[in-house]
Amino acid sequence: DATGGLQLNETTMAETLRRLGYATAMFGKWHLGQREQYLPHNRGFDIYFGIPFSCDMGCGAWHGTHPTRCYPSPLPLLSCATGSVAKVEEQPTNLATLTQRYADFGA
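What you are looking at is a predicted structure, and each value in this text was computed from that prediction instead of being measured.

**Considerations on the overall build of the chain**
Secondary structure assignment for the chain yields two helices and four strands. Along the chain direction, N to C, the helices and strands of the chain fall in the order α-β-β-β-β-α. The burial tally for the chain puts 33% of its 107 residues in the buried class. Accessible surface, the chain: about 6,600 Å² in total, of which carbon and sulfur atoms supply 56%.

Following this line, the structure appears as structure tokens:
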């Protein structure tokens, strides 16, 4: 029963790698829970930069200039590190620059 995100009793690869002394990062679409406790920095990743759900689940350019229904909210671009709270870098996310921003983060 994974209500809201990946079950908290599930062990992620990042959690296993951390126990072995590795540093981990996640960038891109997470889609395993958008609440704070389910985000990558709370599931074993040292740092995270990305969107917490699919771009078709939030508002974006494809909804026009005055969308009437957006679920769950305008797509946020998040950054966070272990021990911190996720920071919204941009909302809605500019999809035109997202690929380059991911590449820059991963470099």
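After that view, the rundown keeps rolling.
**A closer look at the pairing of strand E3 (residues 77-81)**
The buried fraction of E3 amounts to four of the five residues, a majority that puts the element mostly inside the structure. In terms of strand pairing, strand E2 (residues 47-51) meets E3 through four bridges, oriented antiparallel. The residue of E3 that forms the bridge with Tyr48 is Cys80. Where E3 folds back onto strand E4 (residues 87-90) in an antiparallel hairpin, the turn is made up of five residues, including Gly83, whose phi is positive at roughly 90°.

**Some thoughts on the nonpolar core**
Within soluble globular proteins, side chains that are nonpolar tend to cluster in buried spots. Counting residues in each nonpolar core, the largest one holds eight residues, listed as Ala14, Met26, Trp30, Leu39, Phe45, Tyr48, Leu78 and Cys80. Setting aside anything within four residues of it in sequence, one finds Cys80 in contact with His41, Asp46, Ile47, Tyr48, Val85 and Ala86. Ile51, Leu75, Leu98 and Tyr102 belong to the second largest nonpolar core, which has seven residues in total.

**Side note on the pattern of salt bridges**
A full pass over the atoms with the stated rule returns four salt bridges. Note that Glu89 and Lys87 form a salt bridge whose closest N and O atoms lie 3.8 Å from each other. For Glu89, a relative accessible area of 35% puts it in the partly exposed group. For Arg101, the salt bridge identified is with Glu90, shortest N-O distance 3.0 Å. Of this pair, Arg101 sits in helix H2 (residues 95-106) while Glu90 sits in strand E4; the two residues are 11 residues apart in sequence, bridging distant segments of the chain. Classification of Arg101 as partly exposed rests on a relative accessible area of 25%.

**Observations regarding the side chain of Glu15**
Structurally, the position occupied by Glu15 is in helix H1 (residues 13-19). At 2.7 Å, the side chain of Glu15 and the backbone nitrogen of Thr12 are in polar contact. Those residues in contact with Glu15, other than ones at most four positions away along the chain, are Glu10, Arg43 and Gly44.

**What about unusual backbone geometry?**
Gln91 connects to Pro92 through a cis peptide bond whose omega is 5°. Of note, His31 is a non-glycine position whose phi angle comes to about 60°, a positive value. On the secondary structure map, His31 appears in the loop between strand E1 (25-29) and E2.

**Digging into the sheet that holds E1**
Taken together, four strands build an open sheet; the order of strands is E1-E2-E3-E4 and the sheet is mixed. The strands lining the two open edges of the sheet, one partner per strand, are E1 and E4. Neighbour-to-neighbour, the strand axes of this sheet turn through a mean angle of 15°, independent of strand direction. Here E3 pairs with E4 via three bridges, running antiparallel. Bridged to Leu78 within E4 is Val88. The strands that H2 touches are E1, E2, E3 and E4; relative to E2, the one it contacts most, it runs at about 170°.

What counts, and at which threshold
- Residues numbered from 1 in each chain as written.
- Predicted model: local features only at pLDDT ≥ 70, side-chain atom pairs only at ≥ 80, totals over all residues.
- Heavy atoms only, no water.
- Helix = DSSP H or I, 4+ residues; strand = E, 2+ residues; numbered from the N terminus.
- Buried < 20%, exposed > 50% of the residue type's maximum accessible area, 1.4 Å probe, protein only.
- Areas by Shrake-Rupley, 256 points an atom, 1.4 Å probe, with all protein chains shown as cover.
- Pairing = 2+ DSSP bridges.
- Core = buried A, V, L, I, M, F, W, Y, C linked by side-chain atoms within 4.5 Å.
- Contact = heavy atoms within 4.5 Å.
- Salt bridge = Lys/Arg side-chain N within 4 Å of Asp/Glu carboxyl O.
- Polar contact = N/O pair within 3.5 Å; in protein donor to acceptor, adjacent residues only side chain to side chain.
- Axes fitted to C-alpha atoms, helices over the stretch in contact; angles between N-to-C directions.

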